[in-house]
Amino acid sequence: MSTDHGRVINFGAGPSALPLSVLEEAQTGLVNFAGTGMGIAEISHRSKEFQTFLDEFERDIRTQLDVPPTHRILFTQGGGTGQFSAVVLNLLARYRLLRPQASAEETVLDYVVTGSWSKKAAEEARRLGGSTVRTVVDARVYSKDGKAFDNIPPHAEFAFSADPALIYYCENETVDGVEFAHDAQSPASFPFHLLPQNTLVPLVADYSSSFMCRPIPRLADHAVIYAGAQKNIGPAGLTVLIVREDCIVDVDAAAKLGAAPVPLILSYKTLADSGSLYNTPSVLAIYMAGLVVKRMKENGGLPYYEEVNRRKAKKLYAAVHEGEQKGVFRRKVQQGSESWMNAVFEVLGEGAEKKFLDGAEKEGMKGLKGHRSVGGVRVSLYNAVTEQEVDKLIAYMTRFLAESASVEAAP
Ligand code: PMP
């Protein structure tokens, strides 16, 4: 029988909440996985039982996201940060094979800088060298104070290079306007129509924050999509990659032509050729993520999650908006650019934020303190956070607003 095990509501940004039913099922697997008499953390990654599980995990992602046969699904470690480096190295190798004579000046990497993660990714590309890293657009220029990442730049400002070795964006920062996503013409969606008109555009997307929270728009037009598992689908330690076949290249052949040598463990070809089992994978993380995506399928797949996630975000933003009109809250992202998954706002007034966070914690709602570099309150609305849990937070916010109003009204 399922109890709540004394659990609280976890709005943390990652690692983040996982469905209780999955945690309970995983307890069994930790002790005896698939009837083998061995726990999942104890069994060989080369056993047929694990292979069967891995194959099903891959199938569940492929079917739910509608990944075409042109793309491979790969599993690795190193998180989003590992991919900041890996995408650069693999796509520089690809470019070298396509254009053996290109100089570093001619080898251009286009970065859409719309938040701290894409900024970090661009910095890593610069650090690795061997190319010219270009900022296609910097969202800070269009922000209220010229410094914050608080909106999505207008489409007209995206000027891509004609023949870049990669074009990089971070989905949760760029195309995430909760009102509009999926509408190509909306200011809050990625401007696919402005991409260079060559058929195999090396478009890379960091989906770490929003992977499997709804269908991926224009998935087939991407060269690489990657995500750390620790937000929507599982524990940290697993990174999921969706890589188009033409980006799985012989990095050693490219190195012979002058590209930087690529550590084998970062090479997409190594991963693809070994079925993601070149070395010992994060077995436990794969297992738990596998249980999560199986459960997602049973719940109706991504159309179901898209609907619920949209409702959750809309009602939360409505509560923030109400607080803003009463002068109690202030959103940190401009209207129309808000993320589906991470809502950030300030609680105005001396000591008010602490009061808000402490009060929430007393009512069993944790993980609401904002990122150390951004501050404020951050509410992460990943798949495992239920609509009822969001309703509970909104009820608390409403009470907080009423109390703030009565304090103000007091003589
Ligand atoms: N990209 C995005 C969008 C993220 O949210 C994060 C982590 N919060 C990262 C990259 C870095 O991921 P990791 O910690 O897995 O390296």
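These remarks concern the structure in this document. This one's a predicted model, so the numbers in the text were calculated from it and none came from an experiment. (Residues numbered from 1 in each chain as written. Predicted model: local features only at pLDDT ≥ 70, side-chain atom pairs only at ≥ 80, totals over all residues. Heavy atoms only, no water.)

Quick notes on the sheet that holds strand β7 (residues 224–228)
Then comes step 1: The sheet built from seven strands is open, its strands ordered β2-β8-β7-β6-β5-β3-β4 with mixed pairing. Looking along the sheet, the strands with just one partner apiece sit at the ends: β2 (71–76) and β4 (132–138). Averaged over all neighbouring strand pairs, the angle between strand axes comes to 20°, with direction disregarded.
Then comes step 2: Note: β2 against strand β8 (residues 239–244), six bridges, orientation antiparallel. Its bridge partner lying in β8, Thr 76 is registered against Thr 239.
Then comes step 3: Strands in contact with helix α2 (residues 48–65) are β2 and β8; relative to β2, the strand with the most contacts, it is inclined by about 130°.
Then comes step 4: Each of β2, β3 (108–113), β5 (166–170), β6 (203–206), β7 and β8 touches helix α3 (residues 79–98); the most contacted strand, β7, lies at about 160° to it. (Pairing = 2+ DSSP bridges. Helix = DSSP H or I, 4+ residues; strand = E, 2+ residues; numbered from the N terminus. Axes fitted to C-alpha atoms, helices over the stretch in contact; angles between N-to-C directions. Contact = heavy atoms within 4.5 Å.)

Observations regarding the pattern of salt bridges
Then comes step 1: As enumerated under the stated definition, the model contains 25 salt bridges in all.
Then comes step 2: Asp 60 is the partner of Lys 297 in a salt bridge, and the nearest nitrogen-oxygen pair spans 2.9 Å. Of this pair, Lys 297 sits in helix α8 (residues 283–298) while Asp 60 sits in helix α2, and the two are 237 residues apart along the sequence.
Then comes step 3: You can call Lys 297 partly exposed: its relative accessible area is 39%.
Then comes step 4: Overall, the relative accessible area of 5% leaves Asp 60 in the buried class.
Then comes step 5: Glu 124 serves as the salt-bridge partner of Arg 127, at 2.8 Å between the closest nitrogen and oxygen. Highlighted residues: Arg 127 and Glu 124, both in helix α4 (residues 116–128), separated by three residues, approximately one helical turn.
Then comes step 6: The exposed category is assigned to Arg 127, whose relative accessible area is 64%. (Salt bridge = Lys/Arg side-chain N within 4 Å of Asp/Glu carboxyl O. Buried < 20%, exposed > 50% of the residue type's maximum accessible area, 1.4 Å probe, protein only.)

Comments concerning the site of the ligand
Then comes step 1: Close to the ligand lie Gly 79, Gly 80, Thr 81, Phe 84, Trp 117, Cys 170, Asp 206, Ser 208, Ser 209, Gln 230 and Lys 231, which account for all nearby residues.
Then comes step 2: Asp 206 places a polar side-chain atom, nitrogen or oxygen, 2.6 Å from a nitrogen atom of the ligand.
Then comes step 3: One of the side-chain nitrogen or oxygen atoms of Lys 231 is found 2.7 Å away from a nitrogen atom of the ligand.
Then comes step 4: For the ligand, the protein covers 83% of the area, taking 390 Å² as the surface of the free molecule.
Then comes step 5: Looking at the shell around the ligand, the element that brings in the most residues is α3, giving four residues.
Then comes step 6: Classifying every residue of the shell around the ligand gives three nonpolar, six polar and two charged. (Near = heavy atom within 4 Å. Polar contact = N/O pair within 3.5 Å; in protein donor to acceptor, adjacent residues only side chain to side chain. Areas by Shrake-Rupley, 256 points an atom, 1.4 Å probe, with all protein chains shown as cover. Nonpolar A, V, L, I, M, F, W, Y, C, P; charged D, E, K, R; others polar.)

Some words on helix α1 (residues 20–31)
Then comes step 1: Between its first and last C-alpha, α1 extends 17 Å over twelve residues, near the 16 Å set by a 1.5 Å rise per residue.
Then comes step 2: Within the sequence span of α1, burial applies to Val 22, Ala 26 and Gly 29. Considered in projection along α1, the buried side chains sweep an arc of 55° and stay on one side of the axis. Across from the buried face of α1, at angles greater than 90 degrees, the exposed residues are Thr 28 and Val 31.
Then comes step 3: The inward-facing, buried residues of α1 abut α8. (Expected span 1.5 Å × (residues − 1). Arc of directions from axis to C-beta.)

Focus on the environment of Gly 359
Then comes step 1: Structurally, Gly 359 can be placed in helix α10 (residues 352–362).
Then comes step 2: Sequence separation of Gly 359 and Phe 400 is 41 residues, and the distance between their C-alpha atoms is 8.8 Å.

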